[in-house]
Amino acid sequence: MNAKNPLKLLQIALPVPFRHYFHYLLPENDGGEHWQVGARVKVPFGSRELIGIFMAFAEQSDVPTDKLKCATQLLDYNSLISNDILELCLWASEYYHHPIGEVLINSLPILLRQGKSADVHQEKYWFLTLQEQQSSLKFTPRQREVVDFIKRHPEGVCANQFKLAGMSKAIIHALNKKGVIGVRLGDENPSINDGNKQSLQLNEAQAHAVSAIKAASDHFQTFLLDGVTGSGKTEVYLQVIQHVLNEQKQVLVLVPEIGLTPQTIQRFRERFSVPVIALHSNLSKKERLNAWRRAHSGKAKIIIGTRSAVFTSLPQIGLIVVDEEHDLSFKQQDNFRYHARDVAIMRAYFKKIPIVLGSATPALETLHKAKQGKFTHLILPNRAGAAVLPEFFVLDIRNKQLEEGLSQSILDEIRQHVQRGEQVMLFLNRRGFAPVLMCHACGWMAVCTRCDMRMTYHKRTQRLHCHHCDSQTKMFVQCRACDAKELQPVGLGTERLEHVLQKNFPDYSIARIDRDTTQRKGSMEALLESIHSGKHHILIGTQMLAKGHHFPNVTLVTIVDADGGFFSADFRALERMGQLVLQVAGRAGRVEKKGKVMIQTHHPDHPLLHQLFHVSYQQFATMILQERLATALPPYSYFALFRAEAHQIKHAMDFLLEVKKLFHSVGKELQLLGPLPAPMPRKAGRYRVQLLLQATQRPVLQSFLKEWLPEIEKMKMKRRVRWSLDVDPVEMY
Ligand code: ADP
Ligand code: ZN
Ligand code: ZN
């Protein structure tokens, strides 16, 4: 009876892997007056209940009326997904060919996805009562720790912050009983930002950049802010942001996963007195919800966040900044495979606002668009202030005696720097002790049984790790092939590097920063803190150390192994290598002291290395772009990658062969490559096969995908495999 009235049929997006909407009837006794597009609704789905998003009242349904179910309950009287976000999600769903329901629900914080109320939530904040500040109460060391912690956070400390700092509830309650600390309820930390840090006097290039971006405040325009490390890009962002804040608008700042350091957040908080929200991985679910609410209500003015923050609801958004736009972490590599930078550009486009992409080493795609004139190219050629760019030394290590991977000249150089009281940094993008464990008697190597890849030896734990699937085993005593007790670690990882350096520099303190030393929450912050305090003289790190950090006292940076990029099957490997090496090098000499960068390589004469170190990143990039043009690789063509995984390789192969047949009739506009085993053919016990689609025109690729995906959905064979589609893939493994 309901369905006769067209207004009573609900069209709902559900977080399930189907590329269509679902129809439901209005709940009984609900007249439909309160239903707003973008509100959450609870519905029965199979044997479960799901939370979806109300999209529209439908006119009719393919499902017979008597088969339609009633929605259980409307959860919000106000829309949680604004028109902006809806438009953005619809675009992203279409472009990346990902189910709309999943895209929409992903834009909300977890607690809202689970059906929690979107209303104001009151968090407890602890603060010091006056008593303590005056009296000389006695504390246990651990109580003292808590008191000092709260002193450092005059804005109040919530439960999760105590937890992260490793402080127990019992101590907090004891202090509360003593009357030393009290609690305040609030929906947000009051901001105690001083906001009084003065802006700097801009140099000419910065001033030009700021005025160009300001002039775009009323329309869509994409800027590439291309400035060497330390050239003052952040200062440009800050001054443009000030302008946007003056217009009562909000600003979204996207940063790479490892770029969201306390230092970064601090820099924004010091400059502005408006509420600044950081969306980082240490937030509890509650804090995330609170952050979302403050953004959605327009109270928070600056939102700094990683990839997923691009979908944050911001009613008065006036500017987007993507810092380190080349960074890989902006691309989501599973499920909904979007690129946050590209989504951000579309968001700016829909909203008619400017967007700034900043980097010292822009992605080739971005540089290409700048060259075409689609993006406005702003260049900051020099370091700001008194700092100068470091000097590069390429060390030819062919035929050189190495002490566990380090040449004598590097060791000598390190000695000079630490003796002067300066810090040195060594970069090696491989954790563990040694990447290979080999039998000296027969040549056998330890291999992961689930991935067919070599296991990395970790000395401290005496275990072998597969860095691809995370499986681990105890270290073997004997060779698995010939039983000889001659197993030897081969090659160099950060753990081994630490050993070598300890041996050579017993009087100096060494800090190692990689995934193994920073697993515990808060340990990264603690390590960074002690580096800044000057406690450590030698820093060893993987790419975790490469980005965003500012170590004023580091005067020597060593790239232990620059050769990795030459051997990869991925056509982007050289671009990546260049970006990473320059980012690492950029940590050197960021203040007055001139920095030195030493690079060990077996390819000292490689023309690309020469461009990179002695000419410029732009020239390096131009050379690679020429190669890409000659070979018709992105950005001169467009890729979409079908991946399939199965326990039997045949199932994955057969599935993609079927997919290939669908596209076969298409003709020359679309090139098909594969199906072929992936560069990493087996991972965690599953065989991996891929089929690459390549087109010279993006719309061609898109329209074929749109046409044929529904057919793929119908294929019976798909049940035997896990498959996915990656539009604009950035990694081919
Ligand atoms: P980037 O973001 O490009 O790496 P930053 O904005 O962090 O560069 O600036 C690097 C350093 O230079 C910082 O210490 C900053 O305070 C300083 N700086 C930036 N702009 C200026 C300027 N116009 N005058 C003096 N110092 C500056
Ligand atoms: Zn052996
Ligand atoms: Zn494995």
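In what follows, the structure referred to is the one given above.
Source: prediction; values computed, not measured.

A.B. asks: Account for the overall build of the protein, naming residues and giving values.
C.D. replies: Scanning the protein from N- to C-terminus turns up 21 helices and 31 strands. Taking 2.2 N^0.38 as the reference for a compact globule, 733 residues should give roughly 27 Å; the C-alpha atoms of the protein span a radius of gyration of 28 Å, in line with that estimate. Expressed along its principal axes, the backbone C-alpha trace of the protein runs to roughly 85 × 75 × 60 Å. Across the 733 residues in the protein, those meeting the buried criterion constitute 53%. Split by element, the accessible area of the protein, about 33700 Å² in all, is 51% carbon and sulfur.

A.B. asks: Which residues make up the site of ligand 1, and what values do they have?
C.D. replies: Residues in close proximity to ligand 1 total 16 residues, the closest being Gln-201, Gln-206, Lys-233, Thr-234 and Arg-267. A distance of 3.0 Å separates an oxygen atom of ligand 1 from a polar atom in the backbone of Gly-232. For ligand 1, whose accessible area on its own is 550 Å², the fraction buried by protein is 76%. A per-element tally of the shell around ligand 1 places helix α9 (residues 233-246) first, with three residues. The class makeup of the residues in the shell around ligand 1 is four nonpolar, eight polar and four charged.

A.B. asks: Explain empty space enclosed by the protein to me, using residue names and the numbers behind them.
C.D. replies: For the coordinates displayed, the defined rule picks out one cavity of 30 Å³ or more. By volume, the largest cavity is sized at about 30 Å³. What lines the largest cavity is simply Leu-80, Ile-81, Ser-82, Ile-85, Ser-107, Leu-108, Trp-292, Phe-311, Thr-312 and Ser-313. In the lining of the largest cavity, the residues fall into six nonpolar, four polar and no charged.

A.B. asks: Could you give me a rundown of the coordination of the zinc ion (ligand 3), with the residues and numbers involved?
C.D. replies: Ideal geometry at a metal gives 109.5 degrees between four tetrahedral donors and either 90 or 180 degrees between six octahedral ones. Only Cys-448 (SG), Cys-451 (SG), Cys-466 (SG) and Cys-469 (SG) from the protein reach the zinc ion (ligand 3) as donors, at distances of 2.3 Å. Between the four donor atoms coordinating the zinc ion (ligand 3), the angles at the centre fall across 103 to 112 degrees, so the site counts as tetrahedral. Sequence spacing of the donors to the zinc ion (ligand 3): C-x2-C-x14-C-x2-C. Taken together, the residues span a long stretch of sequence, with Cys-448 in the loop between β19 (436-439) and β20 (456-458) and Cys-469 in the loop between β21 (463-465) and β22 (472-474) at a distance of 21 residues.

A.B. asks: Let's hear about helix α20 (residues 649-664): which residues, and what values?
C.D. replies: Because an α-helix packs 3.6 residues into every turn, residues spaced three or four apart end up facing the same way. In this model α20 runs 22 Å from its N-terminal to its C-terminal C-alpha over 16 residues, within 8% of the 22 Å that 1.5 Å per residue would give. Inspection of α20 places His-651, Ala-652, Asp-654, Phe-655, Leu-656, Val-659, Lys-660, Leu-662 and Phe-663 among the buried residues, and these make up the whole buried set. Where α20 is buried, its residues meet β28 (638-646), β29 (670-683), β30 (686-695), α21 (698-714) and β31 (722-727).

A.B. asks: So what's going on with the packing of helix α8 (residues 204-214) against α9? Which residues, and what values?
C.D. replies: Where α8 contacts α9, the two axes come as close as 9 Å, and the packing angle between them is 35 degrees. Crossing hand, α8 versus α9: right-handed. Across the interface between the two elements, Gln-206, Ala-209, Val-210, Ile-213 and Lys-214 of α8 pack against Glu-235, Val-236, Gln-239, Val-240 and His-243 of α9. Among the residues making up the contact of α8 with α9, the classes are represented as five nonpolar, three polar and two charged.

A.B. asks: Can you explain the coordination of the zinc ion (ligand 2)? Please cite residues and give values.
C.D. replies: With distances of 2.2 to 2.4 Å, the protein atoms coordinating the zinc ion (ligand 2) are Cys-439 (SG), Cys-442 (SG), Cys-479 (SG) and Cys-482 (SG). Bound by four donor atoms, the zinc ion (ligand 2) shows angles of 105 to 114 degrees at the metal and therefore tetrahedral coordination geometry. The exposure class of Cys-439 is buried, given its relative accessible area of 1%. Judged by relative accessible area, Cys-442 falls into the partly exposed class, the value being 40%.

A.B. asks: Kindly report on the sheet that holds strand β3 (residues 40-45), identifying the contributing residues and their values.
C.D. replies: Pairing between the strands of a sheet comes from backbone hydrogen bonds, and it takes one of two forms, parallel or antiparallel. Pairing is antiparallel across the open sheet formed by five strands, whose spatial order is β2-β1-β4-β3-β5. Two strands lie at the open edges of the sheet, namely β2 (22-25) and β5 (73-74), each paired on one side alone. Pairing between β3 and strand β4 (residues 48-58): six bridges, direction antiparallel. Note on β4: the bridge partner recorded for Val-43 is Leu-50.

A.B. asks: Explain the nonpolar core to me, and be specific about the residues and the numbers.
C.D. replies: A general feature of soluble globular proteins is that nonpolar side chains tend to end up buried together. Counting residues in hydrophobic clusters, the biggest one holds 123 residues, and the most contacted among them are Phe-642, Phe-663 and Ile-712. Counting residues in hydrophobic clusters, the runner-up holds 30 residues, among them Leu-225, Val-255, Leu-319 and Val-321.

A.B. asks: Kindly report on the packing of aromatic side chains, identifying the contributing residues and their values.
C.D. replies: Summed over the entire model, instances satisfying the criterion amount to 22 aromatic pairs. Residues Trp-444 and Phe-476 carry aromatic rings whose centres are separated by 6.0 Å and whose planes lie at 55 degrees to one another, so their mutual orientation is tilted. On the criterion of sequence distance, the pair formed by Trp-444 in the loop between β19 and β20 and Phe-476 in the loop between β22 and β23 (487-490) is long-range, its members being 32 residues apart. Measuring from ring centre to ring centre gives 5.8 Å for Phe-571 and Phe-639, while their planes differ by 80 degrees; the resulting arrangement is edge-to-face. A residue pair is termed long-range when its members are at least 10 positions apart, and Phe-571 in the loop between β26 (554-559) and α17 (573-585) and Phe-639 in strand β28 qualify at 68 residues. Geometry around Phe-393 places Lys-596 over its ring, the cationic atom sitting 4.9 Å from the centre.

Cut-off values and rules
- Residues numbered from 1 in each chain as written.
- Chains lettered and ligands numbered in written order.
- Predicted model: local features only at pLDDT ≥ 70, side-chain atom pairs only at ≥ 80, totals over all residues.
- Heavy atoms only, no water.
- Helix = DSSP H or I, 4+ residues; strand = E, 2+ residues; numbered from the N terminus.
- Rg over C-alpha atoms; globule rule 2.2 N^0.38 Å.
- Buried < 20%, exposed > 50% of the residue type's maximum accessible area, 1.4 Å probe, protein only.
- Areas by Shrake-Rupley, 256 points an atom, 1.4 Å probe, with all protein chains shown as cover.
- Near = heavy atom within 4 Å.
- Polar contact = N/O pair within 3.5 Å; in protein donor to acceptor, adjacent residues only side chain to side chain.
- Nonpolar A, V, L, I, M, F, W, Y, C, P; charged D, E, K, R; others polar.
- 1 Å grid on protein atoms, 1.4 Å probe; cavity = no way out; pocket = protein on both sides within 12 Å on 5 of 7 lines; lining within 4 Å.
- Points joined across faces, edges and corners; volume = space filled by probe spheres on them.
- Donors = N, O, S within 2.8 Å, 3.2 Å for Na, K, Ca; no water.
- Tetrahedral: all angles 85-135°; square planar, octahedral: opposite > 155°, others 65-115°.
- Expected span 1.5 Å × (residues − 1).
- Contact = heavy atoms within 4.5 Å.
- Axes fitted to C-alpha atoms, helices over the stretch in contact; angles between N-to-C directions.
- Left-handed = near helix turned anticlockwise from the far one by under 90°.
- Pairing = 2+ DSSP bridges.
- Core = buried A, V, L, I, M, F, W, Y, C linked by side-chain atoms within 4.5 Å.
- Phe/Tyr/Trp six-rings, centres within 6.5 Å; stacked < 30°, edge-to-face > 60°.
- Lys NZ or Arg CZ within 6 Å of the ring centre and 35° of its normal.

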